[in-house]
Each structure stands twice: as C-alpha cells, then as structure tokens.
Amino acid sequence: MITRFFRCLLSYPSARRIRESLARQRPPRPSIPESPQRILCIQMNAIGDTIMTQPAWTALRHRFAGAVIELACQDHIRPLIKADPSLNQVTGIHMPRSGSQKSDHNRELQKVVHAGHHDLIVDFSALGDVSAVVAANLNAFTAGFARYCKTPWSGFDLRSAYDIHAPYSETDHIRALDLRLVQSVCGMPIAGKPPKLFIQYDAVEKAMTLLRKWGVEEGGYIIVHPGAKWLPKRWPERHWKRLLTDLRDRFRKTILLLGAEEDRQVLKRIIASTGPAGILPIIGEAVDVAAALIKTAAVCICNDSAAMHIAAAVDTPLLALFGPVSPSRSAPPFDEKNIVFYSSMFCSPCTLYYSRSRCRRGINYCMYAIHPDEVIRRIGSIIDTVKTPL
C-alpha cells in the first residue's frame, strides 16, 4: 500500500501549484444530485488501496443503480478491476514515480475529469495533486477527504477542493475511510462488505495454462510472495529461506514464488539458498494473471503488500506479515482464513518506513521478531482445513 502521507510530501513547485488551485473560489453547489447520471470515482493510490476502495464504489452502485459509474485508477491496476460488475468503465492513468513526469499524469487525469461530463465526482485518493485537478472542475458536484497535507514549507487542506467532504484519519482503516466518504455522499448509513475481485476469464485461462505447463493442480500449491514496495515492510530473506525449506519438507506441495520484476534478485537469492526442487519462480507476470494464480492456491503467504489484498479479495486463505504498519490500517477482515502476524513494537506504526531502506536502529526489528517456526505452525492449521482442489 502506498502511504498517502508520503505522497503528500511534494516538491516546492508542486506544493505551490496545488495551494494556488485549492485557493481558487469554487462556485457553491446547492446540494448533492439526487439521481446522478454519470459518476466518476478516482483512486490513484496503489493496488492495495484500490482493492480496499471496492466496497465503496459498490455501495455507490447500490445507491445509484441507474448511474454510469467510471473509475479512474493507475493504468497497471486496470486489468485487475475492469471486470467489476459495479463499474461501467475503468480508465487507466499512468502514474509516474518521478516528479518530472507529473505534468503528463496531471494532463491525463484532467482529460478524464473535465471531458467526462460527470455530475458527481468522488475522489478517494486523498492526494494533493489529484485534489487540485478535481478542484478545477466547475461543473460536477465533488466529494473528497478533509485532509491536511504537510510540506517542508507549509501545508494545505484538501477539503477546499470539494463541495462535500468527510473527515480523514491517518490511523483509521482505509476501507472504513472510503465507506465514510460514500456515506457523506449518500446521506445514509453504509454497510460495506469485504472487498471482492472479479477476475477476467482470459486471465484465469492463462493461469490454468501455466499450471498445466508446470504439472501443478489447482489448490495443490502454495503462493509465497516475499516482496513489498517499501523495504522495511519485507520479512528478512533468511526467514523466507527457512520458511520455504520447511514448507517443502513438511507439506509436499509445489511452492510458487511470486514477485514483480524488481523482486527478481531477491527471488534468485532465496532459491540459490534453498535449492530449486519444488519451487517455481513466477516473476513479472501480469497482475490479473497473478491474481488468478493466487485465487486457486491452497494458501498465500506474503508481507503487507498487494498480494495480501488480492488473496483476501479472491477468498484464498492468507497469512500476512506486518511490521512498520499496524494491521488496523490496512489488513483484511480477521477470520479463520486471514491470519496476521504483527509484533506490535513500541515504535510501530512507523512514520518513516517509506523514506528509508531499513530501520534507523540498524535492522527492521519488527519484521525480524516474527519467527519462521510461528508461521509454519499457523500454515499447518490452514492447509489441514483446505480441500484440494479448491
């Protein structure tokens, strides 16, 4: 999950541009449209945040059944979301990692916001640059978060970008925050269900073809995903090596070692230590195909990452490892299928994990504190209750 706090630490020109955009006086809107015809939902954060927003746009669909609902999200997330029956359209927008390309991203978003003829825009992003684009739309009724964003020079409140806003919290669960925003739009209590992913048939077919190629049955394998966007959120490699060795020896199931292209070296080091027998590395697979592989796994073991949110949203038994971030912020609903490990150290939740490659104390104690033996014991209790194939 991309921390929204980090995304608000902007360069001086960006901060100045956003402040100027938010300072412009928007003509007041008398009320929320009773029956909006075209609704634009915006979620420009990472995969996990987008999945956690799914109950919110589903609630909008239930409230405004006849409306055309469009979602704007990052372009690489679009294949994961576009089959959702609550959405009529999903528009992917390139989200650059470097500030030099921000203007291109803003132009793409501006085109969607201003050319879509929407009469209601709901911005779930809580990001300064996105709120500035929404603030410039003088036609649609807009809703977003009342969030104060800090910069090294000053700060700005996002609430001025919107006609109606919901309170924001840096500690509340993101799923609850998004539902709170929808509640302010609908004017009635919203009972959101857990997120659910609808994977396209072609992605499922490609995943099944890969499994047949490898000689692996549905439900006859374990997904292990050692990656995470931020280094301090990663379980130590030596713990993964110990875990994989024990998994292979104890459960006799194939292990699919899943990772993005940037995880390639990590996966190679793990396999070099454990040996390749019984372990298949899956690197750089499309996100929807990876989701289909996760869906038919016996269990998914991962850090606090996109894989965690995908597993929970496709109803795959899950074991997630938390360290710098509290599970109360982003973990899936706790039940017998979703098991979370969290050492709950005095310094957690950490407010600096996104800006460092490691803890300022030298190593990431919060992740090292989760011992592989504890994880193995809990995995056994999950696998013993899972039927193969699923």
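All residue numbers here refer to positions counted from 1 along the written sequence of the relevant chain. Note on the predicted model: pLDDT of at least 70 is required for a residue's local features to be given, and 80 or more for side-chain atom pairs to be given and counted; whole-chain, interface and lining totals, by contrast, use all residues. Only hydrogens and water are removed before side-chain values are computed, so all heavy atoms of the structure are retained for them.

1. As for the confidence of the model for the chain
Spelled out, the test is: Per-residue confidence from the predictor is reported as pLDDT, a score between 0 and 100. Here, two residues are considered to be in contact whenever any of their heavy atoms come within 4.5 Å of each other.
Summarising the model, the chain shows a mean pLDDT of 86, and 85% of its residues fall at 70 or more. Taken as a whole, residues 1-10 scores under 50 in pLDDT and shows 53 contacts with residues more than four places along the chain or in a different chain.

2. Details of the environment of Ser-125
Heads up, the condition is: Runs of H or I in DSSP of at least four residues are treated as helices and runs of E of at least two as strands, each being numbered from the N terminus. Think of it in three bands: with a 1.4 Å probe and only protein chains considered, a residue is buried below 20% of the maximum accessible area for its type, exposed above 50%, and partly exposed in between.
Counting through the fold element by element, Ser-125 comes out in the loop between β4 (120-123) and α6 (128-135). The exposure class assigned to Ser-125 is buried, which follows from its relative accessible area of 0%. Separated by 83 residues in sequence, Ser-125 and Ile-42 have C-alpha atoms that sit 6.5 Å apart.

3. Remarks on the packing of helix α11 (residues 287-295) against helix α12 (residues 306-313)
In a pair of packed helices, the angle between the axes and the distance between the axes together describe the arrangement. The following threshold applies: Axis definition: a line fitted to C-alpha atoms, limited for helices to the stretch in contact. Angles are taken between N-to-C directions and run from 0 to 180 degrees. When describing relative orientation, an angle under 35 degrees is termed roughly parallel and one over 145 degrees roughly antiparallel, while 65 to 115 degrees is termed roughly perpendicular and anything else oblique. Two helices cross in a left-handed way if the nearer one is turned anticlockwise from the farther one by less than a right angle. They cross in a right-handed way if the turn is clockwise. Think of it as three bins: nonpolar holds Ala, Val, Leu, Ile, Met, Phe, Trp, Tyr, Cys and Pro, charged holds Asp, Glu, Lys and Arg, and polar takes everything else, Gly as well.
At a minimum axis distance of 9 Å, the contact between α11 and α12 shows a crossing angle of 55°. Viewed along their axes, α11 and α12 adopt a mutual orientation that is oblique. As α11 packs across α12, the resulting crossing turns out to be right-handed. Residues Val-287, Ala-291 and Ile-294 of α11 lie in contact with α12, whose contacting residues are Ala-307, Ile-310 and Ala-311. Considered class by class, the residues forming the contact of α11 with α12 number six nonpolar, no polar and no charged.

4. Quick notes on the pattern of salt bridges
Spelled out, the test is: We define a salt bridge as a contact between a side-chain nitrogen of Lys or Arg and a carboxyl oxygen of Asp or Glu at a distance within 4 Å.
One pass over the full model with this rule turns up eleven salt bridges. A salt bridge links Glu-285 to Lys-206; its shortest N-O distance comes to 3.5 Å. With Glu-285 in the loop between β11 (279-283) and α11 and Lys-206 in helix α8 (residues 201-214), this pair connects stretches of sequence that are 79 residues apart. Residue class for Glu-285 comes out partly exposed when judged on its relative accessible area of 25%. Accessibility expressed as a relative area gives 42% for Lys-206, which makes it partly exposed. Between Arg-269 and Glu-237 there is a salt bridge, with the nearest N and O atoms lying 2.5 Å from each other. Of this pair, Arg-269 sits in helix α10 (residues 264-274) while Glu-237 sits in helix α9 (residues 237-251), and the two are 32 residues apart along the sequence.

5. Some details on the sheet that holds strand β1 (residues 38-42)
For clarity, the cut-off: Any two strands with at least two DSSP bridges between them are considered paired.
Taken in spatial order, the six strands of this open sheet run β3-β2-β1-β4-β5-β8, and their pairing is parallel. Pairing within the sheet leaves two strands with one partner each, and these edge strands are β3 (89-93) and β8 (164-167). Strand-to-strand twist of the sheet, defined as the mean angle between neighbouring strand axes without regard to direction, takes the value 20°. Pairing geometry for β4 and strand β5 (residues 141-146), over three bridges, is parallel. Directly across from Ile-121, in β5, lies its bridge partner Thr-142. Helix α3 (residues 47-63) contacts β1, β2 (68-74) and β4 of the sheet and is inclined by roughly 170° relative to β2.

6. A look at the packing of aromatic side chains
Keep this limit in mind: Planes of paired rings set the category: under 30 degrees apart is stacked, over 60 is edge-to-face and the rest tilted, where pairs are Phe, Tyr or Trp rings (Trp by its six-membered ring) whose centres lie within 6.5 Å. Definition used: whenever NZ (Lys) or CZ (Arg) falls within 6 Å of the ring centre and also within 35 degrees of the ring normal, the charge is taken to sit over that ring.
A complete count under the given rule lists two aromatic pairs for this structure. A ring pair is formed by Phe-145 and Tyr-168, whose centres lie 5.3 Å apart and whose planes are at 70°; its orientation type is edge-to-face. One end of the pair, Phe-145, is in strand β5; the other, Tyr-168, is in the loop between β8 and α7 (174-186), and 23 residues separate them in sequence. Both residues of the pair, Phe-145 and Tyr-168, count as buried. Here the aromatic rings of Trp-235 and Trp-240 are separated by 4.9 Å at their centres, their planes lie at 90°, and the arrangement is edge-to-face. Among the residues examined, Trp-235 registers a relative accessible area of 2% and is labelled buried. Residue placement shows Lys-229 over the ring face of Trp-230; its charged tip is 5.2 Å from the ring centre.

7. Describing the nonpolar core
Keep this limit in mind: The nonpolar core is taken to be a set of buried Ala, Val, Leu, Ile, Met, Phe, Trp, Tyr and Cys residues, with the residues joined through side-chain atoms within 4.5 Å.
Membership of the largest hydrophobic core comes to 66 residues, with the highest contact counts inside it found for Leu-60, Leu-80, Ile-81, Ile-223 and Ile-294. Take this core: its biggest share by element is seven residues, from α11. Discounting chain neighbours no more than four positions away, the residues touching Ile-223 are Leu-256, Leu-258, Leu-293, Ile-294, Ala-297, Val-299, Cys-300 and Ile-301.

8. Observations regarding α6
The buried fraction of α6 amounts to eight of the eight residues, a majority that puts the element mostly inside the structure. All buried positions along α6 are accounted for by Gly-128, Asp-129, Val-130, Ser-131, Ala-132, Val-133, Val-134 and Ala-135.

9. Considerations on the packing of α9 against α10
For the pair α9 and α10, interaxial distance at closest approach is 9 Å and the crossing angle is 50°. Viewed along their axes, α9 and α10 adopt a mutual orientation that is oblique. In this structure, α9 crosses over α10, and the sense of that crossing is right-handed. Between α9 and α10, the contacting residues are Glu-237, Trp-240, Lys-241, Leu-244, Thr-245 and Arg-248 on the first element and Val-266, Arg-269, Ile-270, Ser-273 and Thr-274 on the second. Residue composition of the contact of α9 with α10, grouped by class: four nonpolar, three polar and four charged.

10. Focus on α8
As a reminder of what qualifies: Multiply 1.5 Å by the residue count of a helix minus one, and that product is the helix's expected span.
Compared with an ideal rise of 1.5 Å per residue, which puts 14 residues at 20 Å, α8 spans 20 Å between its outermost C-alpha atoms and is within 8% of the ideal. If you follow the buried residues of α8, they end up packed against β9 (221-225), β10 (254-259) and α11.

11. Some details on the sheet that holds strand β12 (residues 299-303)
Strand order in this open sheet of six strands is β11-β10-β9-β12-β13-β14, and the pairing throughout is parallel. The open sheet has two edge strands with one neighbour each: β11 and β14 (338-342). In this sheet, neighbouring strand axes are inclined to one another by 15° on average, regardless of whether the strands run parallel or antiparallel. Inspection of the sheet shows β9 paired to β12 by four bridges, in the parallel sense. Bridge pairing in β12 places Ile-222 opposite Val-299.

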